[in-house]
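Spelled out, the chains give:
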Amino acid sequence: MLTEILFYAFAAVLIGAAIGVITSRNPVHSVLFLVLCFFNSAVLWLLIEAEFLAIVLVLVYVGAVMVLFLFVVMMLDINIEKLREGFVRNAPLGVLIALIVVIELYYVLWVKRLGVDVTGGVAPLPEGYSNTQAVGAVLYTEYVYPFQLAAVVLLIAIVAAISLTMRKRPGLKTQDVAAQVAVRREDRVRLVKVAPEEEK
Amino acid sequence: MDNLLSLWNGLTPELQSVIVTTLQIVGVMLAVVICVAFLTLAERKVIGFMQLRHGPNRIAIFGLPFLRGVAQPFADVIKLLLKEVLVPSAADKKLFMLAPLIVLVPALAAWAVIPFSPEFVLADINAGLLYVLALTSLGVYGVILAGWAANSKYAFLGAMRSAAQMVAYEIAMGFALVGVLMAAGSLNLGDIVRSQEGGPLAWHWFWLFPLFVVYFISGVAETNRAPFDVAEGESEIVAGFHVEYSGAAFATLFALPEYANMMLVATLAALMFLGGWLSPLQGYVPDEWFLAQSSFFWLFLKVGLLLFVFLWIRATFPRYRYDQIMRLGWKVLIPVTLVWIAVEGVMVWLKIGPWAP
């Protein structure tokens with residue numbers, strides 16, 4: 001009962017936030033609504049006792065990805081009116097994608113689980129069951145190669161991003177920390193003997 | 001009294017647990033807020049003594065001479081709450097008022113999974129460590145929003161600096177925690193403490209010393225404390241992200257979460273590296289003595305010690321330059337943690353030290 005009330009409350013906020021993402025005029029507000037969306041979906045995951053996924057969603061998407069998103073959106077001066085010009089032209093495509101998603105959801109909820117009550121929640125997990133452990137147990141044994149592969153792909157992306165920005169440009173002023181640390185007193189300080197000024 | 005008791009017994013068990021939990025939550029929050037109040041006083045006193053000053057010594061409780069300055073935090077809070085909250089005319093008003101709350105809520109919510117003693121923890125969840133990490137990464141939103149919504153250049157610059165710094169140090173912090181959970185074999189904070197049974201040398205600080213140092217430095221940086229407080233560098237950008245805030249909004253945006261986060265970092269360091277509520281005299285004095293038993297007081301003592309180090313650092317180190325902060329985070333701390341995780345992996349593999357069978 002309580003779970004259902006919580007589910008509908010958070011689901012309502014989730015849908016409201018999702019509508020906010022596409023309707024708000026300010027891109028920063030859109031990003032924040034998206035953060036709210038992620039947060040609410042994490043709560044929905046918590047409700048079906050998938051606490052590891054929920055926390056990782058918050059940690060990765062809300063804590064890292066969206067911060068960078070917000071960062072970029074704040075720095076860019078986005079012209080909303082220009083973005084809205086293409087709305088009518090692109091609307092049919094959007095409607096088509098929305099329809100496909102709705103049909104897929106319908107398929108998952110109705111056709112695949114025909115006769116099963118999907119709104120009643122899942123069976124409670126046994127006492128002492130650790131979600132985190134369960135994920136780790138399959139991730140590092142059965143799926144270790146795909147997991148490693150994903151890690152390598154991410155690493156390549158990081159290296160590529162760094163190498164794009166780290167190119168040598170003419171006129172670039174950088175600091176050589178080693179040289180700064182290695183500097184000695186003799187390089188910087190020069191003692192000058194000044195003869196005292198005598199009064200005449 | 002009897003009426004109340006019968007009323008209590010008449011409630012359903014669910015309702016009873018809801019009421020008990022709510023009271024516990026309120027109790028923990030009040031304790032945190034009161035500790036924050038006195039931590040601000042302790043900070044001013046400690047830094048005062050280190051700089052050969054007295055610190056606050058005027059506002060006493062009941063005029064008692066030996067309690068001079070003790071009521072200073074209450075005077076500060078009353079002053080801040082009574083001041084007018086100014087909103088800049090060009091600010092994004094909703095976000096401007098929302099930002100302090102976004103900083104405050106994670107700073108308080110993270111305390112839910114902290115085990116204060118062997119018996120007492122609000123929510124004993126399996127992935128406690130991840131929960132704390134996830135919540136502390138949310139605080140950065142408040143800082144960014146505060147800087148952006150104020151529509152001021154200084155505030156915005158402070159927010160940008162703060163965001164980059166927090167993202168950088170969060171990685172080092174996360175890696176340090178990976179080492180801890182490798183050693184403890186659990187993400188539950190209570191289990192992490194229990195895995196350190198057996199005297200001070202069995203605590204994780206000994207075998208994970210580099211990670212302990214990295215965690216503590218990252219903790220100082222995460223909380224935007226000196227010497228990493230470039231987000232509010234007074235000499236360069238006035239006061240950074242909270243320059244436009246005043247009154248109660250300033251108190252909740254800046255003072256309360258900063259100190260609550262400091263205490264959180266110190267508590268986590270105590271739990272993960274210094275054995276939490278375990279006694280340092282375990283095995284050295286008879287077991288039935290109070291000194292050898294696990295209790296909340298040991299945790300309190302350890303947290304107090306770490307908080308003192310926080311204040312000590314603030315009083316003694318000059319502020320880092322911004323590029324030096326980034327260099328330290330990315331090029332020093334992260335490689336150190338990576339190397340030590342590899343070393344730890346070898347130790348676990350060869351079953352050396354605490355991993356001996």
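Every value quoted in this text rests on a predicted model; they were computed, and no experiment measured them.

A. Region of interest: the overall build of chain A. Looking only at helices and strands, chain A has nine helices and zero strands in total. Counting over 200 residues, chain A shows a buried share of 18%. A fraction of 59% describes how many contacts in chain A between residues 6 or more apart in sequence connect residues 24 or more apart. Summed over all atoms, the accessible surface of chain A reaches about 16,300 Å², with 68% contributed by carbon and sulfur.

B. The overall build of chain B, seen in detail. Secondary structure assignment for chain B yields 14 helices and zero strands. Listed N to C, the secondary structure of chain B is α-α-α-α-α-α-α-α-α-α-α-α-α-α in terms of helices and strands. For 357 residues, the compact-globule estimate of 2.2 N^0.38 gives 21 Å, and chain B sits close to it at 22 Å. Dimensions of chain B along its principal axes, counting C-alpha atoms only, are 65 × 65 × 45 Å. Looking at chain B as a whole, 50% of its 357 residues are labelled buried. Considering only residue pairs separated by 6 or more positions, chain B has 73% of its internal contacts joining residues 24 or more positions apart.

C. Representation of the pattern of salt bridges within the structure. All names here are of chain B. Enumeration over the complete set of coordinates arrives at four salt bridges over all chains. The partner of Asp 76 in a salt bridge is Arg 44, and the shortest N-O contact between them spans 2.9 Å. One end of the pair, Asp 76, is in helix H3 (residues 72–82); the other, Arg 44, is in helix H2 (residues 13–50), and 32 residues separate them in sequence. A residue is classified by how much of its surface remains accessible, and Arg 44, at 37% relative accessible area, is partly exposed. The salt bridge partner of Arg 194 is Asp 191, with a shortest N-O separation of 3.4 Å. One end of the pair is Arg 194 and the other is Asp 191, both in helix H8 (residues 189–194) and three residues apart, which spans about a single turn.

D. Structural detail: the confidence of the model for chain A. Looking at chain A, the pLDDT average stands at 82 and 88% of residues meet or exceed 70. Within chain A, the lowest mean pLDDT, 68, falls on helix H4 (residues 80–84) of chain A, and the highest, 91, falls on helix H7 (residues 144–165) of chain A.

E. Representation of the interface of chain B and chain A within the structure. Counting residues at the interface gives 25 residues for chain B and 26 residues for chain A. Between chain B and chain A the total buried area reaches about 2,100 Å² when both faces are included, carbon and sulfur atoms providing 77% of it. Seen at the junction of chain B and chain A, the total is three residue pairs in polar contact (both at pLDDT 80 or more). Examining the composition of the side of chain B that touches chain A, we find that six residues originate from one element, helix H7 (residues 153–184) of chain B, more than from any other.

F. Inspection of the packing of aromatic side chains at higher detail. Residue and element names in this part refer to chain B. For the structure shown, the criterion picks out 19 aromatic pairs over all chains. For the ring pair Trp 205 and Phe 209, a centre distance of 6.4 Å and an interplane angle of 75 degrees mean the geometry is edge-to-face. The exposure class of Phe 209 is partly exposed, given its relative accessible area of 43%. Among the aromatic residues, those joined into a cluster by ring pairs are Trp 205, Phe 206, Trp 207, Phe 209, Phe 212, Tyr 215 and Phe 273. Positioned above the aromatic ring of Trp 203 is the side chain of Lys 302, whose terminal nitrogen or guanidinium carbon lies 3.9 Å from the ring centre.

G. Spotlight on the nonpolar core. Residue and element names in this part refer to chain B. Of all hydrophobic cores here, the largest spans 116 residues; its most connected members are Tyr 141, Leu 189, Tyr 215 and Met 272. Element by element, the count of residues in this core is highest for helix H12 (residues 247–273), at 15 residues. Apart from the residues lying within four places of it in its own chain, the contact partners of Tyr 215 are Met 173, Ala 176, Leu 177, Val 265, Leu 268, Ala 269, Met 272 and Phe 273.

H. Layout of a nonpolar patch on the surface. Residues and elements named next belong to chain B. On the surface, Val 26, Leu 30, Ile 34, Phe 38, Phe 74, Ile 78 and Leu 82 cluster together into a nonpolar patch covering about 680 Å² of accessible area. At the level of secondary structure, the elements contributing two or more residues to the nonpolar patch comprise H2 and H3. Looking at the element boundaries, Leu 30 is found in helix H2.

I. How the structure looks around the packing of H2(B) against H3(B). All names here are of chain B. At a closest axis distance of 8 Å, the pairing of H2 and H3 adopts a crossing angle of 115 degrees. Relative to H3, the element H2 lies roughly perpendicular. The hand of the H2/H3 crossing is right-handed. Contacts between H2 and H3 pair Ala 37, Phe 38, Thr 40, Leu 41 and Arg 44 from the former with Gln 72, Pro 73, Phe 74 and Asp 76 from the latter. Tallied by class, the residues present in the contact of H2 with H3 amount to five nonpolar, two polar and two charged.

J. Structural detail: helix H1 (residues 2–23) of chain A. Residues and elements named next belong to chain A. Between its first and last C-alpha atoms H1 spans 31 Å; for 22 residues at 1.5 Å apiece the expected length is 32 Å, and the two agree. Considered for burial, the residues of H1 that qualify are Ala 11, Ala 17 and Gly 20. Those residues of H1 that are buried are in contact with helix H2 (27–47).

K. Broad picture of helix H3 (residues 51–75) of chain A. Between its terminal C-alpha atoms H3(A) stretches 34 Å, which fits the 36 Å expected from 25 residues at 1.5 Å a residue. At Met66(A), H3(A) shows its maximal kink, close to 35 degrees.

L. Structural context of the side chain of Ser218(B). Tracing the backbone shows Ser218(B) in helix H10 (residues 209–222). Not counting residues up to four positions away in its chain, the partners in contact with Ser218(B) are Tyr169(B), Ala172(B), Met173(B) and Leu333(B).

M. Inspection of the packing of helix H4 (residues 93–109) of chain B against helix H6 (residues 139–149) of chain B at higher detail. Residues and elements named next belong to chain B. At their nearest, the axes of H4 and H6 sit 7 Å apart, and the two run at 160 degrees to each other. Considering the angle they form, H4 stands roughly antiparallel to H6. H6 is crossed by H4, and the crossing has left-handed handedness. The segment H4 lies against H6, with Leu 95, Phe 96, Ala 99, Ile 102, Val 103 and Pro 106 engaging Gly 139, Tyr 141, Gly 142, Val 143, Leu 145, Ala 146, Trp 148 and Ala 149. Its residues assigned to classes, the contact of H4 with H6 comprises twelve nonpolar, two polar and no charged.

N. Fine view of unusual backbone geometry. Residue and element names in this part refer to chain B. Although it is not a glycine, Leu 52 adopts a positive phi angle of roughly 60 degrees. Here Leu 52 shows up in the loop between H2 and H3. One non-glycine residue, Asn 151, lies in the positive phi region at around 60 degrees. Structurally, Asn 151 can be placed in the loop between H6 and H7.

What counts, and at which threshold
- Residues numbered from 1 in each chain as written.
- Chains lettered and ligands numbered in written order.
- Predicted model: local features only at pLDDT ≥ 70, side-chain atom pairs only at ≥ 80, totals over all residues.
- Heavy atoms only, no water.
- Helix = DSSP H or I, 4+ residues; strand = E, 2+ residues; numbered from the N terminus.
- Buried < 20%, exposed > 50% of the residue type's maximum accessible area, 1.4 Å probe, protein only.
- Contact = heavy atoms within 4.5 Å.
- Areas by Shrake-Rupley, 256 points an atom, 1.4 Å probe, with all protein chains shown as cover.
- Rg over C-alpha atoms; globule rule 2.2 N^0.38 Å.
- Salt bridge = Lys/Arg side-chain N within 4 Å of Asp/Glu carboxyl O.
- pLDDT = per-residue confidence, 0-100.
- Buried area = accessible area lost by both parts, 1.4 Å probe.
- Polar contact = N/O pair within 3.5 Å; in protein donor to acceptor, adjacent residues only side chain to side chain.
- Phe/Tyr/Trp six-rings, centres within 6.5 Å; stacked < 30°, edge-to-face > 60°.
- Lys NZ or Arg CZ within 6 Å of the ring centre and 35° of its normal.
- Core = buried A, V, L, I, M, F, W, Y, C linked by side-chain atoms within 4.5 Å.
- Patch = residues over 30% accessible without salt bridge, like charges linked within 9 Å, V, L, I, M, F, W, Y side chains within 5 Å.
- Axes fitted to C-alpha atoms, helices over the stretch in contact; angles between N-to-C directions.
- Parallel < 35°, antiparallel > 145°, perpendicular 65-115°, else oblique.
- Left-handed = near helix turned anticlockwise from the far one by under 90°.
- Nonpolar A, V, L, I, M, F, W, Y, C, P; charged D, E, K, R; others polar.
- Expected span 1.5 Å × (residues − 1).
- Bend = angle between axes of the 7 residues up to and from the residue.

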